[in-house]
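Reading the structure
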Amino acid sequence: MSENFETLAIRLQAERSAFKEHSVPLYLTSSYKFDDAEEMRALFANEKEGNVYSRYANPNTTELIDKMAALEGAESGWVTATGMAAIFTTFGAFLKNGDHVLSSRSVFGSTHQLLTNVFSKWGITYTYADLDKPETWEGLIQQNTKLIFIETPSNPGIDIIDLEFIAKIAKKHGVLFVVDNCFATPYLQQPIKLGADISIHSATKYIDGQGRTLGGVILGTKAHMLVIEGFARHSGPSLSPFNAWILSKSLETLAVRMDRHCENALKVAEFLEGHPKVALVKYPFLKSHPQHEIAKKQMKQGGGIVTVVLKDGIDGARKFMDGLQLFSISANLADTRSIATHPATSTHSKLTEEQRLEVGIEQGSVRLSIGLEHIDDIIADIKGALG
Ligand SMILES: *Cc1c(COP(=O)(O)O)cnc(C)c1O
């Protein structure tokens, strides 16, 4: 098989049945049958590969895992019902009472809740590190630090963290390095090739890309994935075959969709920069981005999300959002349809004002997920809403 991304995303598929389907069928079966008692025993003893029960594996989930692993250069993987299930499963599989997590301060709102309100109940502590002070990270590693967790680009701050830099620190201290790669997708960034141990995706976002279904992906070495499997098989965060089937088909168009998302987003970022109503535009491939050089080094393109801070604070943000005609106001992102979100009152409303400001979310911040409509219509809508 070719090593080219587009070809792998299309041609790396499950074997076909005796019916010789051209498109991979949907396997709606909760369990599988065995030829004889001996085969049942061997499968349960892991002496033979094969399907047992769809909480463990299904041809559709296996195809999605195989594709995602190949696209990101990982040995193996696991898929879950949501992106949060992927993060919960990874933490649950590797952390025990008394362990410590070092995390970038800027993480997805629910990831922040997991660290502050869920894992803390089980005696797992955390420290947040500031990404604009990379020199402080190593000093924040404790004797009991088990895992470093980062998100790059971050949601919604669009901050960038140097993957190779953190990978070196993690390796030196024998700490597991986990990256939420959701905003970049395997097409724009491959953390494992840059030294991360585990890469996680909310497949709900660009992997689906059409706002239809939720899903999560965990990628890493075979040894690490055995730990994940040991936890996930018994705790049951399984992805449904139907959603896996959708997500696997969506991967076939990921490269072309991402190219257009990135092209449109860069044009929007350039348009917004310098607009009199705009205080700040954050987009990795704008020269004004504070970590522009790092973004260029580790990302193929800048992604589809632009975060803008309006000058008039909450009033400016609300007026802008209510003035949009084409954009949807929604909490999702990474859809074919352009979407505007106000993080301070939605995805990050559970944070205190101080915590929000620490991760760059102001009352005037609006996250724009740039879709695949015609760029002239997208820019005209933004122009009209800014007034
Ligand atoms: C959406 C998102 C998640 C959570 O994914 P779900 O599929 O909604 O559970 C995690 N991380 C990032 C960066 C996200 O944008």
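So, here's what we can say about the structure. (Residues numbered from 1 in each chain as written. Predicted model: local features only at pLDDT ≥ 70, side-chain atom pairs only at ≥ 80, totals over all residues. Heavy atoms only, no water.)

Before going further, it helps to spend a moment on the sheet that holds strand E1 (residues 76-80). Spatially, seven strands are ordered E1-E7-E6-E5-E4-E2-E3 in an open sheet, and the strand pairing comes out mixed. The outermost strands of the open sheet, each flanked by one partner alone, are E1 and strand E3 (125-129). Averaged over all neighbouring strand pairs, the angle between strand axes comes to 20°, with direction disregarded. Where strand E2 (residues 100-104) lies against strand E4 (residues 145-151), four bridges are found, and the strand directions are parallel. Looking across to E4, one finds that leucine 102 is bridged to isoleucine 148. The strands touched by helix H5 (residues 109-118) within the sheet are E2, E3 and E4, with E3 carrying the most contacts at an inclination of about 135°. On top of the sheet, helix H6 (residues 163-173) reaches E4 and strand E5 (176-180); it is set at about 155° to E5, its chief contact. (Pairing = 2+ DSSP bridges. Helix = DSSP H or I, 4+ residues; strand = E, 2+ residues; numbered from the N terminus. Axes fitted to C-alpha atoms, helices over the stretch in contact; angles between N-to-C directions. Contact = heavy atoms within 4.5 Å.)

Strand order in this open sheet of five strands is E8-E9-E12-E11-E10, and the pairing throughout is mixed. This sheet does not close on itself; its edge strands, each paired only once, are strand E8 (278-282) and strand E10 (328-329).

This part covers the site of the ligand. Of all residues adjacent to the ligand, which total 13 residues, the nearest are Gly83, Asp180, Ser202, Thr204 and Lys205. Aspartate 180 is positioned with one of its side-chain polar atoms (N or O) 2.7 Å from a nitrogen atom of the ligand. With respect to the ligand, the side chain of serine 202 contributes an N or O atom lying 2.8 Å from an oxygen atom. Here the residues of the shell around the ligand sort into four nonpolar, six polar and three charged. (Near = heavy atom within 4 Å. Polar contact = N/O pair within 3.5 Å; in protein donor to acceptor, adjacent residues only side chain to side chain. Nonpolar A, V, L, I, M, F, W, Y, C, P; charged D, E, K, R; others polar.)

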